[in-house]
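One-letter residues, chain by chain:
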Amino acid sequence: MKSFKALLVASYGRHYLARAIEGQADISPQALYQVTSRGKQHLGAVGDILEVQETGPEQAVIEKIVERKNLLYRSDAYKSKSIASNVDQILIVLATEPGFSPDLLGRAVIAAETAGIIPRIILNKCDLPNKLPAARKMLEPYIAMGYPVHEMSVKHDPASVEALLPHVQGRVSVLVGQSGMGKSTLLNALIPDAAAQTQEHSKKLDSGKHTTTACRYYDLPPAKESTSAETTSTNSFAGALIDSPGFQEFGLAHLSESELQHAFIEFRPLLGKCKFHNCSHGDEPGCVVRSAVDAGTISAQRVELFRQLRHESHNADTIQAKLK
Ligand SMILES: Nc1nc2c(ncn2[C@@H]2O[C@H](COP(=O)(O)OP(=O)(O)OP(=O)(O)O)[C@@H](O)[C@H]2O)c(=O)[nH]1
Ligand SMILES: [Zn+2]
């Protein structure tokens, strides 16, 4: 049976769809395969490059997952769920209405920092003027830290979508957001044939079997204008969006204390300066992070988030130790 390389383009629980990578002998480029994993060691994530072995018509099994550049996932003390792998950035979709959760925003940013990818914040529905000031206020700490924030109205202001294009072209971006923020509207604006791509995936799967919402990989259309003949070459990568189902929780229990300390970028210049090396930035004496909060240079909300994540990480360690 043939072995070949494929890109994991959709995951439904433990069922996957993968697309053959071009330029392999005897394998039709772009062909879609239903892929299964032999066991826990081969749990895939959308964005993975797989080495698979054909097991039947349009069927294959994972032999190996090519080493990932990064893996974005969420977890609580008991289980983890992968969101996507090999991504360049995370697009955090927020809206003026319904109000977004600053906690989820904070967690998505921390997840990006620990995975070494760019968090890009999208504030959608800026056409609703009554809600805009409050939303901007919540984003102030992130703007101050230098994170990119795009004010958009995906539905009513095409220019705001155009302005985002250069930041997604040629990159793999993962979309995250709570329900109702306009994630699907954005996906469809950036990828007009997104519905057709979804349908092609669904055709390949027994739809009844796959009720779990999927993470999916969508190809961006080739850039319209190009400055030189080279960039129009079919080999240039147009970019992709990975859509994850909307979620209400973003557990990061897998992060260690040290990973957490470094993921809060505004804490970095203060690392090691608190009186206690394992300072929780709570009510310990000699805490420079709290002093920075008092001085107004660090947001109290971010310190709260740090303390909450630290607590969850310690809890998970305790539970894991008991389970052993
Ligand atoms: N006013 C306004 N409404 C918008 C805008 N973008 C999207 N909406 C509306 O917001 C609602 C939610 O948009 P969706 O794209 O379905 O949101 P979603 O984030 O994909 O939500 P789920 O499908 O629940 O995950 C829809 O009624 C959209 O028409 C916008 O720029 N301005
Ligand atoms: Zn401290």
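Residue positions are given per chain, counted from 1 along the sequence in the order it is written. Chain labels run from A onward and ligand labels from 1 onward, assigned in the order the entries are written. Only residues with pLDDT of at least 70 are given local features in this predicted model, and only at 80 or more are side-chain atom pairs given and counted; all residues enter the totals for whole chains, interfaces and linings.

As recorded in an unreviewed UniProt entry, the protein goes by Small ribosomal subunit biogenesis GTPase RsgA and comes from Polynucleobacter cosmopolitanus. Here the protein is described in UniProt, under the heading Subcellular location (unreviewed entry), as follows: "Cytoplasm". UniProt positions are given in the numbering used here, feature names are shortened, and annotations may be inferred rather than shown by experiment.

Participant: So what exactly am I meant to see when it comes to the environment of S258 here?
Facilitator: Its place among the elements puts S258 in helix α6 (residues 257-263). Each C-alpha atom of the pair S258 and R310 lies 9.7 Å from the other, and the pair is 52 residues apart in sequence. Secondary structure elements are taken from DSSP: a helix is a run of H or I of four residues or more, a strand is a run of E of two residues or more, and numbering for both begins at the N terminus.

Participant: Whenever I open this one, the site of ligand 1 confuses me. Can you help?
Facilitator: Placing a C-beta atom from the backbone of each residue, we mark the residue near a molecule or strand if the atom is within 6 Å of it. S179, G182, K183, S184 and T185 are the nearest of the 17 residues found near ligand 1. The biggest single contributor to the shell around ligand 1 is helix α4 (residues 183-190), with three residues. The class makeup of the residues in the shell around ligand 1 is three nonpolar, ten polar and four charged. By the convention adopted, Pro, Cys, Tyr, Trp, Phe, Met, Ile, Leu, Val and Ala count as nonpolar, Lys, Arg, Asp and Glu as charged, and the other residues, Gly among them, as polar.

Participant: Please clarify how the pairing of strand β6 (residues 71-75) should be interpreted in this entry.
Facilitator: In regular strands, side chains alternate between the two faces of the sheet. Of the two faces of β6, the one lined by L72 and R74 is fully buried and the one lined by L71, Y73 and S75 carries no buried residue. Paired strands are those between which DSSP finds at least two bridges. Sheet analysis places β6 next to strand β7 (residues 80-85), joined by five bridges and oriented antiparallel. Across the sheet, Y73 pairs through a bridge with S82, a residue of β7. Our exposure labels follow a C-beta count within 10 Å of each residue's own C-beta, placed from the backbone: buried means 20 or more other C-beta atoms, exposed means 12 or fewer, and partly exposed covers the counts in between.

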